[in-house]
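Structural characterization, general
If you want the building blocks of each chain, they are given just below.
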Amino acid sequence: MTTPELPTQYAPADVETRSYERWVAEGYFTADVGSDREPHTIVLPPPNVTGVLHIGHALDHSLQDALSRRARMRGFETLWLPGMDHAGIATQNVVERELAKEGLSRHDLGREAFVERVWQWKEESGGRILGQMAKLGDSVDWTRERFTMDEGLSRAVQTIFKRLFDDGLIYRAERIINWCPRCLTALSDIEVDHTDDDGELVSIRYGEGDSAIVVATTRAETMLGDTAVAVHPADERYAHLVGTSVEVPLTGRLIPIVADEHVDPAFGTGAVKVTPAHDPNDFEIGRRHGLPSLAVMDERGVITAHGPFEGLDRFEARPAVVAALRAEGRVVAEKRPYVHAVGHCSRCKTVVEPRLSLQWFVNVQPLAKAAGDAVRDGSTRIHPPELAKRYFDWVDDMHDWCISRQLWWGHRIPVWYGPEGEVVCVGAGEEPPAGYTQDSDVLDTWFSSALWPFSTLGWPDRTPELERFYPTTVLVTGYDILFFWVARMMMFGLYAMDGTPPFQTVSLHGMVRDQYGKKMSKSSGNVVDPLDWISRYGADATRFTLLRGAGPGSDVAISDDWAAGSRNFCNKIWNATRFALMNGATVAETLPGPGDLTVADRWILSRLDSVVGAVDAAYDDFEFAKISDQLYHFAWDEVCDWYVELAKIQIASGGEVADRTRRVLGHVFDSLLRLLHPLVPFVSEELWRALTGGPSITVASWPAVLGVADPAAEGEILALRDLVTEVRRFRSDQGLKPGQKVAAKLALDGTALAAHEPAIRVLLRLDTPAESFVATARLAVGSAVIEIDTAGAIDVAAERKRMEKDLAAARKEAAQATAKLGNEQFMSKAPEDVVTKVRGKAAQADADIARLRAQLDALPAG
RNA sequence: GGGCGCUUAGCUCAGCGGUAGAGCACUCGCCUUACAAGCGAGGGGUCACUGGUUCGAACCCAGUAGCGCCCA
């Protein structure tokens with residue numbers, strides 16, 4: 001391959017689309033079910049079909065792509081399976097809003113036409129996010145893309161429903177559920193968000209005289225449905241009233257006063273009104289005492305109880321009821337505002353109304369037990385481990401899952417009812433009996449997503465894909481859906497797959513935040529659009545910024561400045577590789593043996609080796625920030641700042657050394673690009689192809705640890721760097737221009753740097769001394785001494801100031817070390833290596849002090 | 001109310017027993033033929049507070065304060 005002319009600035013847009021299309025066309029991302037490689041499987045958490053790519057997806061996908069690309073390079077049969085979720089309630093809401101613009105409701109269309117309309121909408125605007133994934137560079141297997149409502153997955157839903165039903169784990173019951181009066185559907189417990197809201201606490205007197213009892217409530221309007229007053233059985237204040245009846249104000253109904261353990265005698269007056277039809281706790285009390293349930297509101301939260309409040313919305317009825325009570329002199333106290341927890345629909349924020357209704361539930365008892373045990377016994381590892389506790393708290397105390405939704409968009413509940421009230425659950429491929437009608441509800445959208453790790457692989461059929469790619473290697477997702485999704489996949493996976501959990505590891509990441517750690521929100525105006533970043537900084541820089549901040553389970557702070565820094569890093573790699581190409585770097589099967597390499601060569605190969613090891617270790621723990629940091633600093637601080645500079649000198653010297661340097665350069669950049677590829681796929685691909693002429697870095701192998709650690713070479717280069725930095729500091733302090741050459745005498749004999757004099761002279765722009773050389777300054781670094789003719793008076797004050805500062809530091813160091821060495825306790829109890837270290841420090845500090853004093857004395861006065 | 005976590009340089013974070021690091025920001029000098037999206041040098045922190053353990057604490061223990069998250 002001919003070396004293309006690369007521009008001096010990396011232009012992402014030019015290469016990204018081209019590379020991605022080629023990758024897909026070549027089939028690099030298509031998993032081969034028939035290969036004999038070990039599988040590495042990730043299923044993509046399916047984004048909502050309504051969605052667009054947001055920065056949280058970009059993080060989630062960057063992590064999965066890095067893992068998948070590295071696995072592919074390591075020789076695994078790598079499957080990253082993409083797809084989308086039908087997102088029942090969310091999508092239905094979107095389409096209903098569309099309809100509303102035309103002045104229509106779903107009821108105007110009717111169920112069939114409405115669902116048809118949603119499908120149509122899904123075809124048109126759904127899946128936008130999938131196109132956006134290509135921009136990010138996601139190496140997903142597009143040939144296996146799935147949708148939770150497609151035919152196969154629907155069959156999986158019907159199959160597992162039938163199995164659970166037949167096992168008695170799905171049942172229908174009348175319960176108090178969370179009801180959204182706006183979405184007009186039941187919600188599961190976790191679809192309710194609790195916030196502390198301002199409300200009111202009204203104390204109301206029921207009854208008269210000695211038999212009066214005062215109850216406190218935040219929802220006065222529900223008193224219309226009260227069927228008892230409850231007190232704690234041990235509460236002596238009310239003992240005489242238990243068993244008697246009292247009149248409900250405004251309604252005139254007589255209700256009993258009952259004693260129940262559930263009542264908290266310390267709350268309010270210690271007496272509570274009981275409304276079984278509108279409160280889950282009251283429902284339980286009602287059940288224990290055989291109380292009737294009296295519904296006083298309809299599905300929209302409108303009062304249905306006959307009387308003056310009928311037809312009022314619940315929030316209009318509340319003050320109206322209080323006013324009426326007040327007029328009757330029954331309000332004993334009012335506390336306003338009274339802050340208390342209020343549940344809101346997680347979809348539309350409407351205040352949830354507990355409502356008695358007939359719904360379908362999953363009995364989660366045995367499923368949740370298995371889901372907990374799988375993590376407890378190590379079959380599935382949750383990472384980071386701190387988050388496992390949250391998982392246990394949830395699965396070990398899970399309430400039955402309400403799975404029916406009064407929506408139209410979703411999987412229909414496969415239960416049919418006969419004319420005589422018969423109930424039949426119809427399995428996949430079965431026909432319902434003639435004359436039966438199907439349940440009108442659909443399933444919670446999470447019911448089908450809970451099947452994702454195996455339904456996407458062909459379950460319930462025992463497909464080759466299922467055999468090969470289940471269980472998946474790792475699930476990568478945000479900790480925010482640990483309960484919604486992860487726990488439920490664990491339950492259904494274990495149940496459907498005969499006890500094999502769906503993941504070997506669950507790796508949880510955090511949320512993306514702004515540069516101050518604040519949550520991103522439209523109202524704060526701090527939302528980052530990943531597509532905007534991709535166009536401004538490139539996909540690689542966008543990914544690198546996210547990866548660089550991603551510690552296990554922790555939130556990621558990002559900002560434009562940091563994205564610009566990542567872009568600069570990509571540009572740095574671009575130009576460094578350009579340098580290697582321009583200087584004839586070659587990539588060969590083997591490297592010259594250590595005997596044929598310079599110290600600098602051996603140093604960089606040694607460092608490369610340890611970086612490969614460190615990166616591998618960090619991948620094992622999903623420490624993406626560490627992976628990124630290791631590579632950033634190795635590439636920039638070591639390869640670019642030092643090895644490239646030393647390589648220039650070696651190449652300039654010509655001959656065999658130059659040839660070998662080209663081979664080392666080729667090897668180092670080849671390896672570095674491979675290491676970087678999972679993080680920054682586009683720039684690494686472009687450069688790697690130019691460097692090696694290979695077809696694609698996507699299918700190149702992952703660098704191995706070669707075992708070429710060379711501590712001696714590392715020590716020498718470290719000494720060289722110290723010396724060079726110290727002299728540069730002197731030059732900078734003295735105001736010598738970077739390009740200005742000065743004459744200098746080096747005394748390096750007997751130090752490790754003796755062989756490096758030519759390099760040191762080039763790096764520091766030091767001329768060989770002429771006959772007339774007169775040193776105006778003398779610098780000592782370690783045991784090396786450099787005398788410099790600055791060709792003029794030196795800035796004595798600057799130098800004195802500097803040396804005095806160094807001297808003070810050395811004296812402090814010496815004092816600390818001496819104090820330790822004089823401490824008997826320390827000497828007798830501290831381990832030997834620590835004592836040796838401190839001795840070394842003391843000796844070094846003493847030498848520094850002597851050296852600096854001599855240098856200070858040698859400075860001209862003034 | 002219950003549980004978990006955090007508090008280190010201006011901002012975001014690493015470090016998790018031998019006495020402080022990174023990125024960005026900041027200051028100074030440089031267009032030194034890979035790169036000004038760059039190069040070189042530099043400044044900046046009583047590691048929240050109070051006790052304790054230890055020869056030695058940012059790091060372990062206890063308490064206090066503030067912040068955040070999850071659940072009820």
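Here we summarise the structure given alongside this text. On a predicted model such as this, the values are computed, not experimentally measured, just so you know.

1. Some remarks on the protein's contact with RNA strand B
Around RNA strand B, the surrounding shell holds 48 residues, and the nearest of these are Gln 9, Lys 572, Arg 578, Lys 805 and Lys 829. Asn 575 places a side-chain nitrogen or oxygen 3.1 Å from a sugar or linking oxygen of RNA strand B. A distance of 2.7 Å separates a phosphate oxygen of RNA strand B from a polar side-chain atom of Trp 636. Secondary-structure elements contributing two or more residues to the surface near RNA strand B are helix 11 (386-395), helix 18 (560-582), helix 20 (624-652), helix 23 (711-733), helix 25 (796-821), helix 26 (824-829) and helix 27 (832-858). No other element matches helix 18, which puts eleven residues into the surface near RNA strand B.

2. Concerning the pattern of salt bridges
This structure, assessed with the given rule, holds 53 salt bridges. The shortest N-O distance in the salt bridge between Asp 659 and Arg 662 comes to 3.1 Å. Of the two residues, Asp 659 and Arg 662 are both situated in helix 21 (residues 655-676); the distance of three residues between them amounts to about one turn of the helix. Residue class for Asp 659 comes out partly exposed when judged on its relative accessible area of 46%. The class for Arg 662 is partly exposed, based on a relative accessible area of 24%. For the salt bridge of Arg 802 with Asp 806, the shortest nitrogen-to-oxygen distance reads 3.7 Å. Of this pair, Arg 802 and Asp 806 both sit in helix 25, four residues apart, which is roughly one turn of the helix.

3. Details of the sheet that holds strand 8 (residues 213-217)
The three strands lie next to each other as 8-7-13, forming an open sheet whose pairing is antiparallel. Bordering the open sheet on either side are strand 8 and strand 13 (331-345), each of which pairs with just one other strand. Across the sheet, the mean angle separating the axes of adjacent strands is 20 degrees when strand polarity is ignored. Where strand 7 (residues 192-206) meets strand 8, five bridges bridge the pair, whose relative direction is antiparallel. Residue pairing across strands places Ile 204 opposite Val 215, the latter belonging to strand 8. Each of strand 7 and strand 13 is contacted by helix 9 (residues 314-327), which is oriented at about 165 degrees to strand 13, the strand it contacts most.

4. Remarks on the nonpolar core
Ile 558, Ile 604, Tyr 619, Phe 624, Leu 631, Leu 679 and Leu 723 are the most contacted members of the largest nonpolar core, which has 144 residues in total. The leading source of residues in this core is helix 20, at 14 residues. In this structure, Tyr 417, Trp 452, Leu 475 and Ala 487 belong to the second largest nonpolar core, which totals 65 residues.

5. Structural notes on helix 27
Compared with the 39 Å implied by 1.5 Å per residue over 27 residues, the 39 Å span of helix 27 between its first and last C-alpha is a close match. Contacts from the buried residues of helix 27 go to strand 28 (777-781), helix 25 and helix 26.

6. A word on the environment of Leu 79
Assignment of secondary structure puts Leu 79 in strand 2 (residues 77-81). In the structure, Leu 79 is positioned 162 residues away from Leu 241 in sequence and 69 Å away in space, judged by C-alpha atoms. When neighbours within four sequence positions are excluded, Leu 79 is seen to be in contact with Ala 31, His 40, Thr 41, Ile 42, Asp 141, Arg 144, Leu 457 and Phe 469.

7. Some words on the sheet that holds strand 19 (residues 423-425)
With antiparallel pairing, three strands are arranged side by side in an open sheet as 19-18-20. Strand pairing shows two members of the sheet lacking a second neighbour, strand 19 and strand 20 (437-438), which therefore form its edges.

8. What to know about the packing of aromatic side chains
Inspection of every chain in the model, using the stated rule, returns 28 aromatic pairs. Plain terms: the ring middles of Phe 165 and Trp 360 are 6.2 Å apart, the flat faces sit at 55 degrees to each other, and that makes the pair tilted. With Phe 165 in helix 7 (residues 151-166) and Trp 360 in strand 14 (residues 353-362), this pair connects stretches of sequence that are 195 residues apart. The exposure class assigned to Trp 360 is buried, which follows from its relative accessible area of 3%. Taken together, the ring pairs connect Phe 161, Phe 165, Trp 360, Trp 401, Phe 447 and Phe 492 into an aromatic cluster. Directly above the ring of Trp 401 sits Arg 488, whose terminal nitrogen or CZ lies 4.0 Å from the centroid.

9. Points about the side chain of Lys 273
Within the fold, Lys 273 resides in strand 12 (residues 271-274). On the basis of relative accessibility, which here comes to 5%, the residue Lys 273 falls in the buried class. Among the polar contacts made by the side chain of Lys 273, one reaches the side chain of Thr 222 at a distance of 2.7 Å. A polar contact is formed between the side chain of Lys 273 and the side chain of Thr 275, at a distance of 3.1 Å.

10. Side note on the packing of helix 18 against helix 20
In the contact formed by helix 18 and helix 20, the axes pass within 11 Å of each other and the chain directions differ by 30 degrees. In terms of orientation, helix 18 and helix 20 fall into the roughly parallel class. At the point where helix 18 passes helix 20, the crossing takes the left-handed sense. Mapping the contact onto sequence places Asn 568, Phe 569, Lys 572, Ile 573, Ala 576 and Phe 579 in helix 18 and Leu 631, Tyr 632, Ala 635, Trp 636, Cys 640, Val 644 and Lys 648 in helix 20. In terms of residue class, the contact of helix 18 with helix 20 is built from ten nonpolar, one polar and two charged.

11. Remarks on helix 22 (residues 681-692)
Given a rise of 1.5 Å per residue, twelve residues ought to cover 16 Å, and the 16 Å separating the end C-alpha atoms of helix 22 matches this to within 8%. Burial analysis of helix 22 places ten of its twelve residues in the buried class, which makes it a mostly covered element. Pro 681, Phe 682, Val 683, Ser 684, Glu 685, Glu 686, Leu 687, Trp 688, Ala 690 and Leu 691 are the residues of helix 22 that are buried. Where helix 22 is buried, its residues contact helix 1 (12-26), helix 2 (55-73), helix 6 (128-136), helix 17 (539-548), helix 18 and helix 21. Positive backbone phi, approximately 75 degrees, marks Gly 693, located one or two places after helix 22.

Here is what the cut-offs are and how they apply
Residues numbered from 1 in each chain as written. Chains lettered and ligands numbered in written order. Predicted model: local features only at pLDDT ≥ 70, side-chain atom pairs only at ≥ 80, totals over all residues. Heavy atoms only, no water. Near = heavy atom within 4 Å. Polar contact = N/O pair within 3.5 Å; in protein donor to acceptor, adjacent residues only side chain to side chain. Helix = DSSP H or I, 4+ residues; strand = E, 2+ residues; numbered from the N terminus. Salt bridge = Lys/Arg side-chain N within 4 Å of Asp/Glu carboxyl O. Buried < 20%, exposed > 50% of the residue type's maximum accessible area, 1.4 Å probe, protein only. Pairing = 2+ DSSP bridges. Axes fitted to C-alpha atoms, helices over the stretch in contact; angles between N-to-C directions. Contact = heavy atoms within 4.5 Å. Core = buried A, V, L, I, M, F, W, Y, C linked by side-chain atoms within 4.5 Å. Expected span 1.5 Å × (residues − 1). Phe/Tyr/Trp six-rings, centres within 6.5 Å; stacked < 30°, edge-to-face > 60°. Lys NZ or Arg CZ within 6 Å of the ring centre and 35° of its normal. Parallel < 35°, antiparallel > 145°, perpendicular 65-115°, else oblique. Left-handed = near helix turned anticlockwise from the far one by under 90°. Nonpolar A, V, L, I, M, F, W, Y, C, P; charged D, E, K, R; others polar.

By themselves, these are just geometric observations and shouldn't be taken as functional.
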